[in-house]
Amino acid sequence: MADASDLTISSLLVAVVLAVLRSPGVLTSLFLLGLCSLIGVTSLCVDTAAAQSTLFKRPSSPVDLRSATVGGRTSVPYGWIDFCHRRPKECKVPALQPANVKLTAQNMRTLERINQKANRAIKPVSNYDHWGTMMDHWDYPVDGKGDCKIYALYKRKLLMEAGFPRQALLMTVVRDLNNEGHTILTVKTDKGDLVLDNLVDEVRPWNATGYYFLKRQSQQNPNIWVSINQRGGTPKT
């Protein structure tokens, strides 16, 4: 049977909790201090404001896993800078408001068709074997050969010619399933981010690739790149 002191403490705790529920804020801090003194938990009393924010903060809204979360500006890949130097008309473009592709059945068929068309049209060859340099070389498949950057640039070009907005077609740098550098094309849609990849004919959601996403072009300006630093879920093929 509980003694009188136990009953007093229990009654006090109940009363304070009810008061906190009616008037959060200052009373919450008082409740935490009182609780510390009653049960002897010193670690909780180091910073009552921090404890309050941890214990009583409202749950955040769920993360939309359909779209990768981007951070601030980051370094621009050398290959894109070199591409712009050699093809200035491709890069001297105005900044635009972000735009997503409406993912209709027809648009999805176009994405699949162009992804497969480019994957079949280009003969895979390494950057060094193709251009004779270790420096990253981005270009269109002028001779029908190339590595991942050539595939992604070509798909971007074909989709823009098909009427897709430039702001939704983003060159993206990732680490693949072997932890090697890889470049793909992200397509921003109203249903989430899709990926066009020279390693897979299927158009996949970004979070079904298993890739580690490093950075990609800004939707507003292709010459500005933003960080991602996020794993793209579990690979599904």
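Conventions we followed
- Residues numbered from 1 in each chain as written.
- Predicted model: local features only at pLDDT ≥ 70, side-chain atom pairs only at ≥ 80, totals over all residues.
- Heavy atoms only, no water.
- pLDDT = per-residue confidence, 0-100.
- Contact = heavy atoms within 4.5 Å.
- Pairing = 2+ DSSP bridges.
- Helix = DSSP H or I, 4+ residues; strand = E, 2+ residues; numbered from the N terminus.
- Disulfide = S-S within 2.5 Å.
- Buried < 20%, exposed > 50% of the residue type's maximum accessible area, 1.4 Å probe, protein only.
- Expected span 1.5 Å × (residues − 1).
- Arc of directions from axis to C-beta.

Summary statistics for the protein give a mean pLDDT of 81 and a share of 72% for residues scoring 70 or more. The low-confidence segment residues 4-14 (pLDDT under 50) makes 6 contacts with residues lying over four places distant or belonging to another chain. With pLDDT under 50 throughout, residues 23-63 is counted as low confidence; its partners more than four residues away or in other chains account for 32 contacts.

An order of β1-β9-β8-β4-β5-β6-β7 is seen for the 7 strands of this open sheet, with the pairing classed as antiparallel. Every other strand in the sheet has two partners, leaving β1 (73-74) and β7 (200-205) as the edge strands with one partner each. The pairing of strand β4 (residues 169-175) with strand β5 (residues 181-189) spans 7 bridges and is classified as antiparallel. Note on β5: the bridge partner recorded for L170 is T186.

By the definition in use, this model includes 1 disulfide. The residue that forms a disulfide with C84 is C91, at a sulfur-sulfur distance of 2.0 Å. Between C84 and C91, the S-S dihedral sits near -80°, and the bridge is therefore left-handed. By the burial criterion, C84 is buried, and C91 matches it.

Turning next to helix α6 (residues 105-121). For α6, which comprises 17 residues, the first-to-last C-alpha distance of 24 Å matches the rise-based estimate of 24 Å (1.5 Å per residue) to within 8%. Along α6, the residues classified as buried are T110, L111, I114, N115, A118 and N119. Along the axis of α6, the buried positions cluster into a sector of 155°, meaning they face one direction only. In α6, the exposed positions that point more than 90 degrees away from the buried face belong to A105, Q106, R109 and R120.

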